[in-house]
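Architecture at a glance
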Amino acid sequence: MAKKENPLRQLPQNHMEYGEIRIHLAELMQEKNVSMNQLSFRTEMQRTQLRNYRDNKIQRLDIDILKRLCYVLECDLHDLVEYIPYTE
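Residues numbered from 1 in each chain as written. Predicted model: local features only at pLDDT ≥ 70, side-chain atom pairs only at ≥ 80, totals over all residues. Heavy atoms only, no water.

Thoughts on the packing of helix α2 (residues 36-43) against helix α3 (residues 47-54)
Worth spelling out the cut-off: Note on geometry: axes are lines fitted to C-alpha atoms, helical ones only across the stretch in contact, with angles between N-to-C directions running from 0 to 180 degrees. We count a stretch as a helix when DSSP gives it H or I for four or more residues in a row; a strand needs E for two or more, and each element gets its number in order from the N terminus. Angles are sorted into four bins: roughly parallel if under 35 degrees, roughly antiparallel if over 145, roughly perpendicular if 65 to 115, and oblique for all others. Here is the rule for handedness: rotate from the far helix to the near one, and if that takes an anticlockwise turn smaller than a right angle the crossing is left-handed, while a clockwise turn gives right-handed. Any two residues whose heavy atoms approach within 4.5 Å at even a single point are treated as in contact. Just so you know the grouping, Ala, Val, Leu, Ile, Met, Phe, Trp, Tyr, Cys and Pro go in nonpolar, Asp, Glu, Lys and Arg go in charged, and all remaining residues, Gly too, go in polar.
Interhelical geometry of α2 versus α3 gives an angle of 115 degrees and a closest axis separation of 9 Å. Relative to α3, the element α2 is oriented roughly perpendicular. The way α2 lies across α3 gives a crossing that is right-handed. Contacts between α2 and α3 involve Met36, Asn37, Leu39, Ser40 and Thr43 from the former and Arg47, Leu50, Arg51 and Arg54 from the latter. Grouping the amino acids of the contact of α2 with α3 by side-chain chemistry returns three nonpolar, three polar and three charged.

If you want it as structure tokens, here you go:
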């Protein structure tokens, strides 16, 4: 009996090769014509925290924040967050 190949691949040595997560908050805000102040008020979040999401400067995604943003902006999670695979 042949050994079954594991379909999962190993992580690369360089974490930059995992790909990236991009948050499309700036685009959604522009599309919906929503200001930072309006979004801050509606989501009950600080502008500094929203700015970090808008500028893709966060290290860890918070599910509660993502739910708030999707609810207030009336969008799907796929509209807000995108995984971009690494390409050489």
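Next comes the rest of the description.
Some remarks on the side chain of Thr43
Threshold: For this analysis, a polar contact is any N or O atom pair within 3.5 Å, provided that within protein one partner can donate a hydrogen and the other can accept it, and provided that sequence-adjacent residues contribute only side-chain to side-chain pairs.
For Thr43, the position within the fold is in helix α2. Side-chain polar atoms of Thr43 contact the backbone oxygen of Leu39, separated by 2.6 Å.

Describing the state of the cysteines
The criterion, for reference: The term disulfide is used for any two cysteine sulfur atoms that are within 2.5 Å. Buried means the residue's accessible area, taken with a 1.4 Å probe over protein chains only, is under 20% of the maximum for its type, while exposed means over 50%, and partly exposed covers the values in between.
If you walk through the whole model with that rule in mind, you get zero disulfides. Not part of a disulfide, Cys70 finds its nearest cysteine sulfur in Cys75, a span of 4.1 Å. Overall, Cys70 belongs to the buried group, its relative accessible area being 13%. By relative accessible area, which is 14% here, Cys75 ends up buried.

Some details on a nonpolar patch on the surface
Put simply, the rule reads: In this scheme, patches are assembled from residues that exceed 30% relative accessible area and form no salt bridge. Like charges are connected within 9 Å, while nonpolar side chains (Val, Leu, Ile, Met, Phe, Trp, Tyr) are connected within 5 Å. For accessible areas, the Shrake-Rupley method is used with a probe of radius 1.4 Å. Any residue's cover is judged against the shown protein chains and nothing else. A pair is scored as a salt bridge if a Lys or Arg side-chain nitrogen falls within 4 Å of a carboxyl oxygen belonging to Asp or Glu.
A cluster of nonpolar side chains, namely Ile21, Leu61 and Tyr83, defines an oily patch on the protein surface of about 290 Å² accessible area. A relative accessible area of 39% places Leu61 in the partly exposed class.

Regarding unusual backbone geometry
Non-glycine residue Asn33 carries a positive phi angle of around 55 degrees. Mapped onto the fold, Asn33 is located in the loop between α1 (25-32) and α2. Not every positive phi belongs to a glycine, and Glu74 is a case in point at roughly 50 degrees. Mapping Glu74 onto the fold places it in the loop between α4 (63-73) and α5 (77-80). Overall, the relative accessible area of 69% leaves Glu74 in the exposed class.

Focus: the nonpolar core
Heads up, the rule is: By nonpolar core is meant a set of buried Ala, Val, Leu, Ile, Met, Phe, Trp, Tyr and Cys residues that side-chain atoms within 4.5 Å join together.
Ranked by size, the top nonpolar core spans 17 residues in total, and within it Leu25, Leu39, Leu50, Tyr53, Leu69 and Leu80 carry the most contacts. At the level of secondary structure, the elements contributing two or more residues to this core comprise α1, α2, α3 and α4. When residues in this core are grouped by element, the largest group, five residues, is from α4. Every residue in contact with Leu39, bar those within four places of it in the chain, is listed here: Leu25, Met29, Val34, Glu44, Leu50, Leu69, Val72 and Leu73.

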